[in-house]
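Structural overview
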Amino acid sequence: MVTIGWRLRRLAQALFTVWAVITLSFAMIRLMPGNAMGAMMVRFEQQGMSPARARELVELRLSLDPDKPIHTAYVEYVLNTLQGDLGTSVFHNEPVVDLLAAALPWTLFVLSWSIFISFFIGIAAGALMAYWEGGKLDVGLTSWAVLMGSIPFYVLAILLLIFASYRWGIFPSGGRQPTGVEAGFNITYIRGILYHATLPVLSMLVASGVASLGMRGNSIRVLGSDYLRVARLRGLSDYTISTQYVARNAVLPMYTTLLISIGEMFGGSIVLEYVFNYRGLGLLLYEAFNQRDYPLMMGGFVLITIAVVIALLIADMTYSWVDPRAGGQNSDSY
Amino acid sequence: MTTSQSTSLDDPTAADPVVEIRNATVRFGMERGESRVLDDVSLDLERNEIFGVVGESGSGKSMLASAMLDAVVEPGILDGSITYRPEAGDPIDVLGLTTNELRTFRWEEIAMVFQGAMSSFNPVRKIDTHFVETLSAHDYDVDEGMERARGLISDLYMDPERVLDSYPHELSGGMKQRTLIALSLILEPDVLVMDEPTAALDLLMQRSIVSLIEEIKEEYDLTILFITHDLPLVADLADRIAVMYAFEFVELGPTEEILQHASHPYTRLLLKSTPNLASPIEAMRPIEGSAPDPVNVPSGCSFHLRCPLADEQCVEVDPEAYSVSDSSVSVTGSDSDSDLSPDSDATSIPNSDAGDHVANCHYWEDAPETIPMTEEWDVEGIDAIDSAPGPSRTADPLVSMEDVEVHFETEGSFLDFFSEPDTVQAVDGISLDIYENDVVVLVGESGCGKTTFGKTAVGLQEPTDGAVKYRGQDIWDLKRSGGDGTMSFDTVRRALQIVHQDPGSALNAHRRVGTSLEVPLKRWNPELDGNDRKSRIVSLLEHVGMSPAEDYIDRYPHQLSGGEQQRVALIRAMLMNPDLILADEPVSALDVSLRVEMMDLMIELQEQFDTSYLFVSHDLSNARYIAEKTGGRIGVVYLGELVEIGRPEEIIHDPQHPYTQALRWATPEPDFEGGGMGGESPIREIDVPDPTDPPSGCRYHTRCPEAREVCTREHPEPNEASAAAYHEAACFRTDDHHEYWNSPSITDGGD
Ligand code: SF4
Ligand code: SF4
């Protein structure tokens, strides 16, 4: 039995995670031995700045004041972060927020296509497999799905890069937009964008393997259920049965899988964008890492965490709306 | 009555059969060989009769239901013929219908209600869409049909608007089952096939539904085929009964005939093995052996391996239907060795005269003598319950519960963050002491809190108020304080064990039986070495009838039958050397004929291991059996309160609380003497009130036939209910001087 306002608790949990991430990033910057602040100070001083000037710069960059007592600095940092002030990138010398905002749409673009196509393929394949359970198609697709499910996406990415790009030259090996075309709402540009996004999106399709196996299992379960048998006896049309009975009940549990995979894909985008040299959030963070650009690193870290937390929160909160069963129960079980 | 052995379909000898089944056989090709899960069954269903089919699980009774609608699941193959005769119009050859005709035929002419009402509705769609889609699939007028649906639902004592607007999971089991009945009648069929329609429900609901079925049948002019494992239940309802064993009918006749002059040894043994309230417990005996495998049905009479009367002839010659009502034996054209070819098989074509009683047994005449129903207990019989002495309840209690409360909070609706959550008062102020070697059986309907209370007693559920004490120590204090040296929470955990209703879930699926049983032994008897442990386990397994034990030790749980899993779970609990075992519906998942055996085993183990039991059950006959054999008590729980407690003598024969009386009424009894038991339903409402908002005053007043005005205001406390020891009830009627007796009745204006 679920107890008091789990939604409230779930919300509190999400807020706690966000707070924990912000605190952790503060700690990394400020408290860790060899911490970001110290490292930056050293770097500026090496560049021949006076300690006072270096200090001033650090303060500006990290949006925290090294001289303030730690608790005041902490409160300020949290407040700044919550207001969207994530400091200034050392390398780019631009506000972190602006950098992230410029990169994010590209990543979201690849991710949303990946997710959409993977789940579309996964659900369709799973349904076919279940329908001909045990047949040739089922066996074939199952092996394919298991294979997809067990390859890490970056291996697929590298294979695609080697073959589709270097060997056969079908797709570009990197970049996110066509060169020499004016950015804007015109066919050439949009085609160029899609063209550049193809390989990253294809690499992420490994997710469809897992999705199709999940869908297959769900469908088989629904096909064997009592309510399906009763529906058939009641003489419902095949159309009603396949859409309202099988599809709805089999796709529903996929909803959570979908939102969870959003989180996973965000994490994966760092490696993916590096492999394809695709200038999105992932590549930005990767570079920040190499350049010890702490403000940018921490900013990206916070942003990704918040995105994942929100995705999961939405999944949980809306599930009871998508699936009526997740709501209250009757009392037969006491 | 001696005539009509006719098998010809064109010769309607029956007064007015609505369905004629001839030689229906269902085969499955399996690796091990062909299996016949319905073996040459023939039956005439009279228009407007209720025909009961009784059989244990695996007897083929559900196949018969599927066959009626030509809905045998693939790859099963149905042969024979099924003719449906509508009131007006030509007979329909059901097995000859095309797919489309069949789609129309089902539900419009013959509809079906399954046991799986819990899962017969699409979980993501509201109830009303189920009605609407059925109506439109059959091109019925939807508005008119929904009007009918509302009528049906209110005839089944539910609020149509509420039910139609609910999702399936929002209805209780009993409501779902009744809604399914309404759904099956929405297209006004002539025949309703009900396959175990009440099996998953508690007794009071079962009985309420059975009385409703009678009303519904009259009102909607139905013919009903009622399939069940529960002979006493259907006995109350059916005009005729057929008993199935090994995929065929072994006895068929009018209900009274079957009950009073059961002539097939299996029927007699089945009647005797069913726990009930009327016969002395010594008369309840399990049937030895187990039902045959469909691939390998014994030759001759399929019952000969288990039959006390079996002889040479039974092994060789398959008995045909002998007419019982008239002792002339009809041996028309019986080929011996008839088992090989289905065509020459002697079959039981029931005489279409409904007065006929047939039994497929060569020695039906001797059966009553060899298998007497009441044996020598005859005289003391029914009213002289005399339970075992039971423990002395004077020493300190083993586990004592003081005013225990368990309140659950339920969640609100979507995005409903701040509203007050509803509180379910699953247990509300129960006090109970359990002593050494004591047995308490808690009975009550689903949702009354008995399981939660049981879990609280063994420390699996923390009470929100009140105390649970083990040998005087509050166990939850103990958990928080970490123990005081003399006792730790761990000791308590070991001393209080649970055996679940579903034994499969309690055993680790990846562990062999031997390994599962070794774990507790290693932990609690570290002095034993490997060989000692093994021999201990072997002897226990043999003791509970699982031999050769060496063979069982190496099996995984899924290789055991339900009863065997239950035994392993029980042994495992016993090996912890517990002081108290909570057994949650330990036999309700078993076939009726196995229940007595399992209960006997539990009682025997209790003596051997010196434990106490807390049973939870919805079945008063099982409760009585256990409590009477062990000298225990029965506690009746209603909406989180203990409303009556006492020894079985009092609870069964002198119940004081009106709710206990209702449970008593709901317990079906095979009536050997003839004459109905039944009677009017003693409850005013079928459904249990919403536990988040229990009625004021006496919680039973909304259903109580004796309720008076004071009951709506004041809450009755447990009170001495009779002169007998340990007998208490929480009802004003136990107090001769209570203002209740002057208070006006509130039942007249009600329904
Ligand atoms: S025919 Fe023989 S074996 Fe079969 S039930 Fe009768 S006596 Fe028993
Ligand atoms: S107190 Fe009143 S309502 Fe309650 S059980 Fe007794 S008579 Fe019925």
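Residues numbered from 1 in each chain as written. Chains lettered and ligands numbered in written order. Predicted model: local features only at pLDDT ≥ 70, side-chain atom pairs only at ≥ 80, totals over all residues. Heavy atoms only, no water.

1. Section: the overall build of chain A
- Counting its regular elements, chain A contains 14 helices and zero strands.
- Reading the secondary structure of chain A in the N-to-C direction produces α-α-α-α-α-α-α-α-α-α-α-α-α-α.
- Taking all 334 residues of chain A together, the buried fraction comes to 45%.
- Considering only contacts within chain A whose residues lie at least 6 apart along the sequence, 69% involve residues at least 24 apart.
- Of the accessible surface of chain A, which amounts to about 16,500 Å², a share of 67% is contributed by carbon and sulfur atoms. (Helix = DSSP H or I, 4+ residues; strand = E, 2+ residues; numbered from the N terminus. Buried < 20%, exposed > 50% of the residue type's maximum accessible area, 1.4 Å probe, protein only. Contact = heavy atoms within 4.5 Å. Areas by Shrake-Rupley, 256 points an atom, 1.4 Å probe, with all protein chains shown as cover.)

2. Quick look at the overall build of chain B
- When helices and strands are tallied, chain B shows 25 helices and 24 strands.
- Here chain B, with 751 residues, has 59% of them falling under the buried criterion.
- Counted over contacts in chain B with a minimum sequence separation of 6, partners at least 24 positions apart contribute 70%.
- With the model as given, the accessible surface of chain B reaches about 29,200 Å², and the carbon-plus-sulfur share is 45%.

3. With respect to the domain arrangement of chain A
All names here are of chain A.
- Segmenting chain A into domains produces domain 1 (1-90 + 292-334) and domain 2 (96-291).
- Taken residue by residue, the interface counts 27 residues in domain 1 and 22 residues in domain 2.
- Carbon and sulfur atoms supply 77% of the area that domain 1 and domain 2 bury against each other, a total of about 2,000 Å² over both sides.
- Area buried by domain 1 at its contact with domain 2 is led by L296, I304 and Y319, which between them contribute 26% of it.
- A per-element tally of the side of domain 1 that touches domain 2 places helix α14 (residues 294-322) first, with 16 residues.
- The residue makeup of the side of domain 1 that touches domain 2, split by class, is 14 nonpolar, seven polar and six charged. (Domains from an automatic or database assignment. Buried area = accessible area lost by both parts, 1.4 Å probe. Nonpolar A, V, L, I, M, F, W, Y, C, P; charged D, E, K, R; others polar.)

4. Quick notes on the sheet that holds strand β19 (residues 580-584) of chain B
All names here are of chain B.
- Spatial ordering of the open sheet is given by β18-β19-β20-β15-β21-β22-β24-β23, a layout of eight strands whose pairing is mixed. For this open sheet the edge positions go to β18 (496-499) and β23 (719-720), each flanked by a neighbour on one side alone.
- Alignment of β18 against β19, held across four bridges, turns out to be parallel. Looking at β19, one finds that Q497 is bridged to I581.
- Helix α13 (residues 450-457) rests against β15 (439-443), β18, β19, β20 (612-617) and β21 (633-638) of the sheet, and its axis sits at about 160 degrees to β20. (Pairing = 2+ DSSP bridges. Axes fitted to C-alpha atoms, helices over the stretch in contact; angles between N-to-C directions.)

5. Re the site of ligand 1
- In the neighbourhood of ligand 1, 13 residues make up the surrounding shell, with C301(B), C307(B), C314(B), C361(B) and H362(B) lying closest.
- Classifying every residue of the shell around ligand 1 gives ten nonpolar, three polar and no charged. (Near = heavy atom within 4 Å.)

6. Thoughts on the sheet that holds strand β9 (residues 240-245) of chain B
Residue and element names in this part refer to chain B.
- In space, the eight strands of this open sheet follow the order β6-β7-β8-β3-β9-β10-β12-β11, with mixed pairing throughout. The open sheet has two edge strands with one neighbour each: β6 (110-113) and β11 (322-323).
- Pairing between strand β7 (residues 191-195) and strand β8 (residues 223-228): five bridges, direction parallel. Its bridge partner being in β8, V193 is matched across the sheet by L225.
- Sheet contacts for helix α10 (residues 265-273): β3 (50-54), β9 and β10 (248-254); angle to β9, the most-contacted strand, approximately 100 degrees.

7. Regarding the confidence of the model for chain A
Residue and element names in this part refer to chain A.
- Chain-level pLDDT for chain A is 79 on average; 87% of the residues reach the 70-or-more range.
- Looking at the elements of chain A, mean pLDDT is at its lowest for helix α2 (residues 36-46), recorded as 69, and at its highest for helix α10 (residues 226-233), recorded as 90.
- Below pLDDT 50 for its whole length, residues 328-333 participates in twelve contacts with residues either more than four positions away or in separate chains. (pLDDT = per-residue confidence, 0-100.)

8. Re helix α18 (residues 530-543) of chain B
Residues and elements named next belong to chain B.
- Spanning 14 residues, α18 covers 20 Å between terminal C-alpha atoms, matching the ideal 20 Å at 1.5 Å per step.
- Of all the positions in α18, only R533, I537, V538, L540 and L541 are classed as buried. Seen along its axis, α18 keeps its buried residues to an arc of 165 degrees; they face one direction.
- Between the side-chain oxygen of the N-cap and the backbone nitrogen of N531 there are 3.1 Å, and the N-cap of α18 in question is D529.
- Looking one or two residues beyond α18, the residue adopting positive phi is G545, at roughly 85 degrees. (Expected span 1.5 Å × (residues − 1). Arc of directions from axis to C-beta. Polar contact = N/O pair within 3.5 Å; in protein donor to acceptor, adjacent residues only side chain to side chain.)

9. Observations regarding the packing of helix α21 (residues 592-609) of chain B against helix α22 (residues 620-630) of chain B
Residues and elements named next belong to chain B.
- Direction vectors running N to C along α21 and α22 enclose 30 degrees, while the axes themselves pass 11 Å from each other. With respect to their mutual orientation, α21 and α22 come out roughly parallel. The hand of the α21/α22 crossing is right-handed. The segment α21 lies against α22, with R595, V596, M599, D600, I603 and Q606 engaging N622, Y625, I626, K629 and T630.
- Here the residues of the contact of α21 with α22 sort into five nonpolar, three polar and three charged. (Parallel < 35°, antiparallel > 145°, perpendicular 65-115°, else oblique. Left-handed = near helix turned anticlockwise from the far one by under 90°.)

10. Looking at the pairing of β15(B)
Residues and elements named next belong to chain B.
- Counting buried positions over the five residues of β15 gives five, a clear majority of the element.
- Of the two faces of β15, both are covered, the one formed by V439, V441 and V443 as well as the one formed by V440 and L442.
- Sheet topology places β15 next to β20; five bridges connect them, and they run parallel. Counted as the bridge partner of V440 is L614 from β20.

11. Some thoughts on α10(A)
- Turning to α10(A), its buried residues are Y227(A), L228(A), V230(A), A231(A) and L233(A).
- The inward-facing, buried residues of α10(A) contact α9 (207-223) and α11 (238-251) of chain A together with α2 (99-108) and β6 of chain B.
- Positioned one or two residues after α10(A), G235(A) has a phi angle of 80 degrees, which is positive.

12. Side note on the packing of aromatic side chains
- Inspection of every chain in the model, using the stated rule, returns 20 aromatic pairs over all chains.
- Seen from their ring centres, F26(A) and Y74(A) are 5.2 Å apart, and the 65 degrees between their planes marks the pair as edge-to-face. On the criterion of sequence distance, the pair formed by F26(A) in helix α1 (residues 6-30) and Y74(A) in helix α4 (residues 70-82) is long-range, its members being 48 residues apart. This pair shows no difference in class: F26(A) is buried, exactly as Y74(A) is.
- Considering the side-chain rings of Y638(B) and Y700(B), the 5.0 Å spacing of their centres and the 85 degrees angle between planes classify their relative orientation as edge-to-face. Placement of Y638(B) in strand β21 and of Y700(B) in the loop between α24 (658-666) and α25 (709-713) is noted, with a sequence separation of 62 residues between them. Grouping residues by exposure puts Y638(B) and Y700(B) together as buried.
- Sitting above the plane of the W665(B) ring, R207(B) keeps its charged end 4.6 Å from the centroid. (Phe/Tyr/Trp six-rings, centres within 6.5 Å; stacked < 30°, edge-to-face > 60°. Lys NZ or Arg CZ within 6 Å of the ring centre and 35° of its normal.)

13. Considerations on the nonpolar core
All names here are of chain B.
- In this structure, V19, L38, F131, V193, L225 and F249 are the most contacted members of the largest nonpolar core, which totals 116 residues.
- In this structure, this core is formed jointly by two domains, domain 1 (18-230) and domain 2 (257-371), each of which donates at least three residues.
- Other than its neighbours up to four places away in sequence, L225 contacts L43, L45, F51, V53, M68, L192, V193 and M194.
- One finds I281, Y638, L639 and Y740 within the second-largest nonpolar core, a separate group that totals 71 residues. (Core = buried A, V, L, I, M, F, W, Y, C linked by side-chain atoms within 4.5 Å.)

14. Thoughts on the pairing of β3(B)
Residue and element names in this part refer to chain B.
- In terms of burial, β3 is largely enclosed, as five of its five residues are buried.
- Two strands pair when backbone bridges link them, and β3 and β8 are joined in this way by five bridges, in the parallel orientation. Pairing of V53 across the sheet is with I227, part of β8.
- Pairing analysis gives four bridges linking β3 to β9, with the strands arranged parallel. Bridge pairing in β9 links G52 to I241.

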